[in-house]
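Results of the structural survey
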Amino acid sequence: MNEKPSQSELEQWKETVDGELYEELLNRYERILVFAGQLQEKARAQRLLQEKNAELENENERLKKVNSVSESYIRLLEGSLRALGVLDNAEVADQGSNKDQSS
C-alpha cells in the first residue's frame, strides 16, 4: 500500500507540477498586464478630463469678463440716454426687473 513511486513517476510528477506552476505564473502575469493597462487607460482619461476642465475654466473666466464689460457698457448707454432725456429712471428699473425675471 505504501509503495514508493518510481524515479520516472517522480520526474513526470515534477514536470507536471512545474508546468502547472509555470502556467499559473503566466496567468497571473497576464492578469497583472491587463490590470496595468486598465490603470494606464484610467490615468489617461483622468488627464484628459483635467485638461478639458482647465479649458472650461478658462472659457468661463473669459465669458465672465465679456459679461462684465457688456453690463458696464449697458449702464453707460443707459446713463447717456437718461442724460439726454430719452430714458427715465422708471424705464431703466422696469427693464432691469424684466431682465431679472427672464433669467
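Each remark here, short or long, concerns the structure printed above.
This text gives an overview of the structure that appears in the document.

Assigned secondary structure in the chain consists of two helices and zero strands. In the chain, which comprises 103 residues, the proportion classed as buried is 3%. Summed over all atoms, the accessible surface of the chain reaches about 9700 Å², with 55% contributed by carbon and sulfur.

On the surface, Y73, L76 and L77 cluster together into a nonpolar patch covering about 320 Å² of accessible area. Take Y73: it is sitting in helix α1 (residues 7-84).

Moving on, we come to the pattern of salt bridges. Per the counting criterion, the structure on display carries five salt bridges. A salt bridge links E24 to R31; the nearest nitrogen and oxygen atoms lie 3.9 Å apart. The partly exposed category is assigned to E24, whose relative accessible area is 33%. A salt bridge links R44 to E41; its shortest N-O distance comes to 3.0 Å. Separated by three residues within a single helix, R44 and E41 lie in helix α1, roughly one turn from each other. Using a relative accessible area of 42% as the deciding quantity, one classes E41 as partly exposed. Residues joined in a network through salt bridges with shared partners are E24, R28 and R31.

Calculation rules
- Residues numbered from 1 in each chain as written.
- Predicted model: local features only at pLDDT ≥ 70, side-chain atom pairs only at ≥ 80, totals over all residues.
- Heavy atoms only, no water.
- Helix = DSSP H or I, 4+ residues; strand = E, 2+ residues; numbered from the N terminus.
- Buried < 20%, exposed > 50% of the residue type's maximum accessible area, 1.4 Å probe, protein only.
- Areas by Shrake-Rupley, 256 points an atom, 1.4 Å probe, with all protein chains shown as cover.
- Patch = residues over 30% accessible without salt bridge, like charges linked within 9 Å, V, L, I, M, F, W, Y side chains within 5 Å.
- Salt bridge = Lys/Arg side-chain N within 4 Å of Asp/Glu carboxyl O.

Don't take any of this as a statement about function, it's just geometry.
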